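Chain by chain, the residues:
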Amino acid sequence: MNAARSRTRVALVGSVAAGSVLLLSGTAFAHVTVQPEGAAAKGGYAVVDFKVPNERDNAKTVKVEVNLPTDHPLASVMPQPVPGWNVEVTKSKLDKPLTVHGKQINEAVTKVTWSGGSIEAGQFQKFPLSIGSLPTDTDQLVFKALQTYDNNEVVRWIQEPQSGAAEPANPAPTLKLTAAAAGHGGTAPAADKDAAAAKPEASSSSNTDTTARVLGGVGIAVGIAGVAFGVFAGRRRTA
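**A word on the sheet that holds strand S7 (residues 124-132)**
No. 1: As summarised here, the arrangement of the four strands in space is S1-S2-S7-S4, forming an open sheet in which the pairing is antiparallel. In this open sheet, the two edge strands, each paired with only one partner strand, are strand S1 (33-36) and strand S4 (76-79). The sheet shows a mean angle of 30 degrees between the axes of neighbouring strands, direction not considered.
No. 2: With four bridges joining them, S1 and strand S2 (residues 46-53) adopt antiparallel strand pairing. Looking at the pairing, Pro36 lines up with Val48 of S2.

Below you can see the structure in the form of structure tokens.
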């Protein structure tokens, strides 16, 4: 009886915990967000996904506009085709030209707009962009986004997060940047290389030790079986 009660309590606690996780994840998922595919290192290039959920039960999302930061303009912005959607890239003249690989750039992409498709209720869509080079003098990039529904409602995801403050009601998608990779090619530090090189050797040594133990155990078992067989055979001859 006690065991049955314990299993029931564990199941109940697990159900409550799972429900809480789903509730929290649903709340976080409701916002338009941006996430890198891999690393978004300062000074490098990255592919980022703008994840747009449909928050309405009675309307479809039919247009998404993402405004790129003008305080840290990006010299290269390339959208990946999204089936069923048209994409428009808007460029603007820069107040302060950029110098990339020795070449001066006077304009940069300031907005990317997707339209012509639809996101149904209870669904989401990813809109990928390849961007770079990422700035080295900031820890994050803020992309203000507008989400338009087929009933003409526009949700403005433009509120910038403030350090130490609660998350705003309509937060702007924010991309966190990681430390710049060593070298222009993104080479890992020497210490990391040594650690990575040592891992296969350690794994090989561990596998060899395990194999030796298994073979040793098998040998002992075979030896014991042989001795037992010899004793049994001797008894039969004596009889």
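**A short note on the sheet that holds strand S5 (residues 86-100)**
No. 1: Across the sheet, five strands lie side by side as S5-S6-S3-S9-S10; this open sheet has antiparallel pairing. The sheet is open, and its two edges are formed by S5 and strand S10 (154-157), each paired on a single side. If you compare each strand with its neighbour and ignore which way they point, the axes differ by 15 degrees on average.
No. 2: Sheet topology note: the strand S3 (residues 61-67)/strand S9 (residues 144-149) ladder contains six bridges and is antiparallel. Paired with Asn67 across the two strands is Lys144, which belongs to S9.

**Concerning the nonpolar core**
No. 1: Judged by nonpolar contacts, the single largest core of 31 residues is most densely connected at Trp114, Phe127, Ile131, Phe143 and Leu175.
No. 2: For this core, the secondary-structure elements that each account for two or more residues are S2, S3, strand S6 (103-119), S7, S9 and S10.
No. 3: With sequence-adjacent residues up to four places away left out, Phe143 is seen in contact with Val34, Phe50, Val66, Asn67, Leu68, Pro69, Ile131, Trp157, Ala172, Pro173 and Leu175.

Definitions and cut-offs
Residues numbered from 1 in each chain as written. Predicted model: local features only at pLDDT ≥ 70, side-chain atom pairs only at ≥ 80, totals over all residues. Heavy atoms only, no water. Pairing = 2+ DSSP bridges. Helix = DSSP H or I, 4+ residues; strand = E, 2+ residues; numbered from the N terminus. Axes fitted to C-alpha atoms, helices over the stretch in contact; angles between N-to-C directions. Core = buried A, V, L, I, M, F, W, Y, C linked by side-chain atoms within 4.5 Å. Buried < 20%, exposed > 50% of the residue type's maximum accessible area, 1.4 Å probe, protein only. Contact = heavy atoms within 4.5 Å.

Any functional reading would require information beyond the geometric quantities listed.
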